[in-house]
Amino acid sequence: MHEPRYAEPVLTWYAEHARDLPWRRPDASPWAVLVSEIMLQQTPVVRVLPVYEAWLTRWPTPADLAKEPPGEAVRAWGRLGYPRRALNLHASARAITERHDGVVPADYDELRALPGVGAYTAAAVASFAYRRRHAVLDTNVRRVLARVVTGVEYPSKTQTAAEIRIAESLLPEDPPVAARWSVAIMELGALVCTARTPRCADCPLVTECTWRLAGKPPYDGPPRKGQTYAGTDRQCRGSLLAVLRHAEGPVEKALLDDVWADALQRERSLAALIEDGLVDPLDDGRYALPS
DNA sequence: AACGCGTGGTC
DNA sequence: TGACCAAGCGT
């Protein structure tokens, strides 16, 4: 059997350089893999690690989390950011408990149906937890393929059908090998083919990388808008929710008013948090994490 | 399809 | 020092 191009050097590189991450260990359950993948959406590994450990110690199975009120998940989420992911993970735990007999599904479409599980996460869980064969296309893989295959420094802002075809064409035939390839190419993007300063000297694909062979032409596409944060509703929401996370129980409105001066923005953000199910307005005028 | 959604580290 | 970036998702 003839594996696709790139597979052998990348798999060999991974065998030597892979990080020892808890969700990659042999004893990591599919639930542990799912938890890690949701936490890792837009959040760096180093910040995920302590929260992941505490989470799985407290809730080793989906059923353990499903018994809790959603607010406990939001509180345990800490400062990982995008706290709706905590709500999604809690809702997924309940769906898994009720619809899948407490077992994280292995099927891509069933995974995809869970709240907060999109194309990437479904492929990642099927692949990493169950050794299925799926193209796993995250920001790391997209960047590696943009450089090695397409010859440009950065991928487009939005995923294209062409990228998916490329990723699928590079997948080894044997599912367990494909699963290892997927985690390996992702790790290569995370450790070597990084966004800012790629370490081409350490790259197993250095001799065949289209971008490097072309002299590393700099990105020339449209300017990629940076995310501003200071003064946004996002920052306001974060400040409001932090008050509730730190409180033992329900809080008076005045405590929320204290953390954000702009009343209009504060009210708008609080209303949005309530709408999102992250905050529960009580009958007595106080506010709490959702029960 | 572009935008909103948290937080913190880096150069 | 302020952009940029980090294992995306839902609308």
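The rules behind each value
Along each chain, residue indices are assigned from 1 in the same order as the chain's sequence is written. Key to labels: chains lettered from A, ligands numbered from 1, both in the order written. Local features are withheld for residues below a pLDDT of 70 in this predicted model, meaning they are given only at 70 or higher, and side-chain atom pairs are given and counted only at 80 or more; totals for whole chains, interfaces and linings count all residues. The basis for every side-chain value is the complete set of heavy atoms in the structure, and neither hydrogens nor water enter the calculation. UniProt positions are given in the numbering used here, feature names are shortened, and annotations may be inferred rather than shown by experiment. Helix and strand definitions follow DSSP, with helices as H or I runs of at least four residues and strands as E runs of at least two, each counted in order from the N terminus. Residue proximity to a molecule or strand is established when one non-hydrogen atom of the residue lies within 4 Å of it. Here a polar contact means two N or O atoms within 3.5 Å. Within protein one must be a hydrogen donor candidate and the other an acceptor candidate, and residues neighboring in sequence count only if both atoms are side-chain atoms. Here the term charged refers only to Asp, Glu, Lys and Arg, the term nonpolar to Ala, Val, Leu, Ile, Met, Phe, Trp, Tyr, Cys and Pro, and the term polar to all other amino acids, Gly among them.

A. Up close: the UniProt feature "domain: HhH-GPD" (unreviewed entry) in chain A. UniProt tags residues 39-191 as "domain: HhH-GPD" (unreviewed entry). As annotated, residues 39-191 comprises 65% helix and 0% strand, and the C-alpha atoms at either end are separated by 19 Å.

B. Summary view of the protein's contact with DNA strand B. In the region of DNA strand B, 16 residues are neighbours, and Arg79, Leu80, Pro83, Arg234 and Arg237 sit closest. In DNA strand B, the atoms that sit within 4 Å of the protein are 58% sugar and phosphate, with bases accounting for the remainder. In this structure, a base nitrogen belonging to DNA strand B sits 2.8 Å away from a main-chain N or O atom of Leu80. Take Tyr229: an N or O atom from its side chain is 3.1 Å from a phosphate oxygen of DNA strand B. For the surface near DNA strand B, the element with the highest residue contribution is helix H13 (residues 233-246), accounting for four residues.

C. Up close: the protein's contact with DNA strand C. Residues in contact with DNA strand C amount to 29 residues; listed here are only the nearest, Gly116, Thr121, Asn140, Arg196 and Gln227. Residue Asp138 places a side-chain N or O atom 2.8 Å away from a sugar or linking oxygen belonging to DNA strand C. Taken together, the elements giving at least two residues each to the surface near DNA strand C come down to helix H8 (119-130), helix H9 (139-150) and helix H11 (175-191). Taken together, the residues of the surface near DNA strand C sort by class into twelve nonpolar, nine polar and eight charged.

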